[in-house]
Amino acid sequence: MFKKFIKTKYMIFFCFCLLFLLSSIFSCSYAVKISDGKEGFFETGDMIYARKWHSSVLLPDGRVFISGGYGFRAHVDHPSSSIELATTEIYNPKTKKFIEGPPLEYARAKHSSVLLDNGKVLIAGGTRTCYPGYTEIYDPKTNTITTGPKLTTYSSNCGFGFNIVKIDEDNYILENGLPILNGFTGFNKYNEKTNTISEIKVDDFYKIKIGNHIKFFKIDNNEILLIYHDGHVVVTDKNFSKILRQSSPKCYHPNINGSYIMLDNKNILEIGGDQEAGYIAEIYDVKKNKFIPVKTNRAEHIHPVKVLKKIDGNIIVFNGHFYVHPLAEEFLVNKHIFKQKTYHLPTPFELGSFVLLKDGSFLYTGGEDRCDKYKRNISNQAYIYKFE
């Protein structure tokens with residue numbers, strides 16, 4: 001009887017150890033490695049508020065302005081419950097601390113912000129400000145936020161950040177990259193000198209259809225490149241008054257929800273997306289007007305994929321698929337190859353925000369841990385992403 005008890009006791013202990021081992025392998029804990037000691041993510045001071053899908057921008061003095069995002073809903077215990085934030089905070093890389101900034105006029109998440117030439121920050125888009133659609137202006141000199149001009153056109157639903165593309169000394173295009181909806185008439189143009197927004201009307205020649213995803217890039221002093229998710233390409237003058245050329249070169253995958261970034265040579269790297277789109281990357285060669293497939297080290301890059309341009313021009317890629325902890329990759333632009341790293345993102349999903357600091361490192365803030373599909377923890381942690 002005693003021997004049977006001992007065997008049962010050891011069997012229970014063995015099962016417990018096996019269960020612990022399996023949970024360690026298949027849970028978030030295996031993704032703890034976020035640095036190889038020389039390169040990767042290193043802890044810095046925590047943010048004041050936990051947030052995800054927020055926006056951050058580097059200020060002229062080297063500090064970082066962080067705004068909005070989703071945070072915890074007050075008096076609600078469920079971890080998946082979140083609400084848009086009106087809070088802001090400012091990170092000082094010298095002290096490695098965050099201080100609270102002035103509140104936004106409108107709580108918002110999934111928005112974008114950009115540093116203007118006058119040193120102020122333009123904040124646009126987001127889930128709570130689609131209608132009435134007001135922008136906001138942050139002035140770091142006075143540490144104040146004021147309501148900016150109202151968007152004149154809503155070419156898509158105002159979730160997710162706008163593409164904010166500077167087209168000349170004073171003007172920026174503000175346009176959402178999500179599917180075009182009914183009622184589309186044109187794009188928003190923000191003028192920094194007059195602090196006004198006007199509408200750039202477009203016509204049927206642009207072949208902008210309901211459901212299109214569009215990305216904008218300035219490729220020349222007077223040329224704007226539009227890439228549609230199905231591979232259709234349009235080059236127009238900066239005022240959208242004349243189509244200079246358009247074509248549909250062979251695209252190796254329809255890049256819905258993929259990520260795009262302009263390389264230093266003015267070509268465009270596309271990577272990730274939905275379904276088959278996640279299996280390869282490709283380069284759009286602007287001069288040759290062709291897509292060139294590029295092999296990655298991973299089987300797939302499911303959206304959202306985070307792409308970062310280093311000061312040397314090479315591109316860092318992080319996969320953001322739910323419940324997946326892929327290793328980082330670096331795209332070597334001159335060699336057209338991907339080099340695999342040995343570390344991961346601090347959290348598996350890319351709902352955190354990156355911003356390039358003056359020393360060439362990146363500040364990574366917030367995000368959401370979605371390893372456990374039944375529990376989504378919004379983070380207030382911050383990291384400095386350094387390179388060798």
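Residues numbered from 1 in each chain as written. Predicted model: local features only at pLDDT ≥ 70, side-chain atom pairs only at ≥ 80, totals over all residues. Heavy atoms only, no water.

**A short note on the overall build of the protein**
Right, so step 1: A tally of helices and strands in the protein yields 1 helix and 32 strands.
Right, so step 2: Expressed as a percentage of its 388 residues, the buried residues of the protein come to 54%.
Right, so step 3: Nonlocal contacts in the protein, meaning residues at least 24 apart in sequence, comprise 48% of its contacts between residues at least 6 apart. (Helix = DSSP H or I, 4+ residues; strand = E, 2+ residues; numbered from the N terminus. Buried < 20%, exposed > 50% of the residue type's maximum accessible area, 1.4 Å probe, protein only. Contact = heavy atoms within 4.5 Å.)

**Description of unusual backbone geometry**
Right, so step 1: The residue Lys266 is not glycine, and still its phi comes out positive at about 75°.
Right, so step 2: Of note, Lys266 is situated in the loop between β20 (259-262) and β21 (268-271).
Right, so step 3: You can call Lys266 partly exposed: its relative accessible area is 40%.
Right, so step 4: Positive phi, close to 60°, is recorded for His336, a residue that is not glycine.

**Considerations on the sheet that holds strand β23 (residues 290-294)**
Right, so step 1: Spatially, β20-β21-β22-β23 is the arrangement adopted by the 4 strands of the open sheet, whose pairing is antiparallel. Edge strands, defined here as strands with exactly one partner in the open sheet, are β20 and β23. Neighbouring strand axes in the sheet, compared pairwise and without regard to direction, differ in orientation by 25° on average.
Right, so step 2: Direction of pairing for β21 relative to strand β22 (residues 281-285): antiparallel, over a ladder of 4 bridges. Note that in β22 the partner of Ile268 across the bridge is Tyr284. (Pairing = 2+ DSSP bridges. Axes fitted to C-alpha atoms, helices over the stretch in contact; angles between N-to-C directions.)

**A closer look at the sheet that holds strand β27 (residues 337-340)**
Right, so step 1: Here 4 strands make up an open sheet; going across it, the order is β24-β25-β26-β27 and the pairing antiparallel. Two strands bound the open sheet, and with one partner strand each, they are β24 (305-309) and β27. The mean angle between the axes of side-by-side strands here comes to 25°, regardless of whether they run parallel or antiparallel.
Right, so step 2: In this structure, strand β25 (residues 315-319) lies alongside strand β26 (residues 329-332), joined through 3 bridges in antiparallel fashion. Directly across from Val317, in β26, lies its bridge partner Glu329.

**Brief notes about the environment of Ser35**
Right, so step 1: Position of Ser35 among the secondary structure elements: in the loop between α1 (2-26) and β1 (40-43).
Right, so step 2: Considered as a pair, Ser35 and Tyr343 are 308 residues apart in the sequence and their alpha carbons are 5.5 Å apart.
Right, so step 3: Residues contacting Ser35, with those up to four places away along its chain left out, are Gly40, Phe41, Phe42 and Tyr343.
Right, so step 4: Here the side chain of Ser35 touches Gly37 through a polar contact of 2.9 Å, landing on its backbone nitrogen. (Polar contact = N/O pair within 3.5 Å; in protein donor to acceptor, adjacent residues only side chain to side chain.)

**Focus on the environment of Gly69**
Right, so step 1: Here Gly69 lies in the loop between β3 (64-67) and β4 (70-72).
Right, so step 2: In sequence terms Gly69 and Ser353 are 284 residues apart; their C-alpha atoms lie 9.9 Å from each other.

**Here's the deal with the packing of aromatic side chains**
Right, so step 1: Within this structure, the stated rule accounts for 22 aromatic pairs.
Right, so step 2: Pairing Phe331 with Phe338 gives two aromatic rings, centres 4.9 Å apart and planes at 40°, and the pair type is tilted.
Right, so step 3: Measuring from ring centre to ring centre gives 6.4 Å for Phe362 and Tyr385, while their planes differ by 35°; the resulting arrangement is tilted. Highlighted residues: Phe362 in strand β29 (residues 362-365) and Tyr385 in strand β32 (residues 382-386), separated in sequence by 23 residues. (Phe/Tyr/Trp six-rings, centres within 6.5 Å; stacked < 30°, edge-to-face > 60°.)

**So, the confidence of the model for the protein**
Detailed reading of the predicted coordinates is not advisable wherever pLDDT is low.
Right, so step 1: Looking at the protein as a whole, the pLDDT averages 79, with 71% of positions reaching at least 70.
Right, so step 2: Across residues 18-31, where pLDDT falls below 50, the model places 13 contacts with residues more than four positions away in sequence or in other chains.
Right, so step 3: Throughout residues 75-79 the model reports pLDDT below 50, and contacts reaching past four residues in sequence, or to other chains, amount to 5 contacts. (pLDDT = per-residue confidence, 0-100.)

**What about the pairing of strand β2 (residues 55-58)?**
Right, so step 1: Taking every second residue as pointing to the same face, both faces of β2 are buried, with Ser55 and Val57 on one and Ser56 and Leu58 on the other.
Right, so step 2: Bridging between β2 and β3 involves 4 bridges; their strand directions are antiparallel. Counterpart to Ser56 in the pairing with β3 is Ile66.
Right, so step 3: Linking two consecutive strands that pair antiparallel, namely β2 and β3, is a turn of 5 residues; a positive phi of about 95° is found at Gly62 within it.

**Re the pattern of salt bridges**
Right, so step 1: By the definition in use, this model includes 12 salt bridges.
Right, so step 2: Notably, a salt bridge pairs Asp117 with Lys166, separated by 2.3 Å at the nearest N-O pair. With Asp117 in the loop between β8 (112-115) and β9 (121-124) and Lys166 in strand β12 (residues 162-166), the pair connects residues that are 49 residues apart, well separated along the chain.
Right, so step 3: Measuring nitrogen to oxygen at the nearest pair gives 3.5 Å for the salt bridge that ties Lys310 to Asp312.
Right, so step 4: Taking relative accessible area as the criterion, Lys310 reaches 13% and is therefore assigned buried.
Right, so step 5: Residue class for Asp312 comes out partly exposed when judged on its relative accessible area of 46%. (Salt bridge = Lys/Arg side-chain N within 4 Å of Asp/Glu carboxyl O.)

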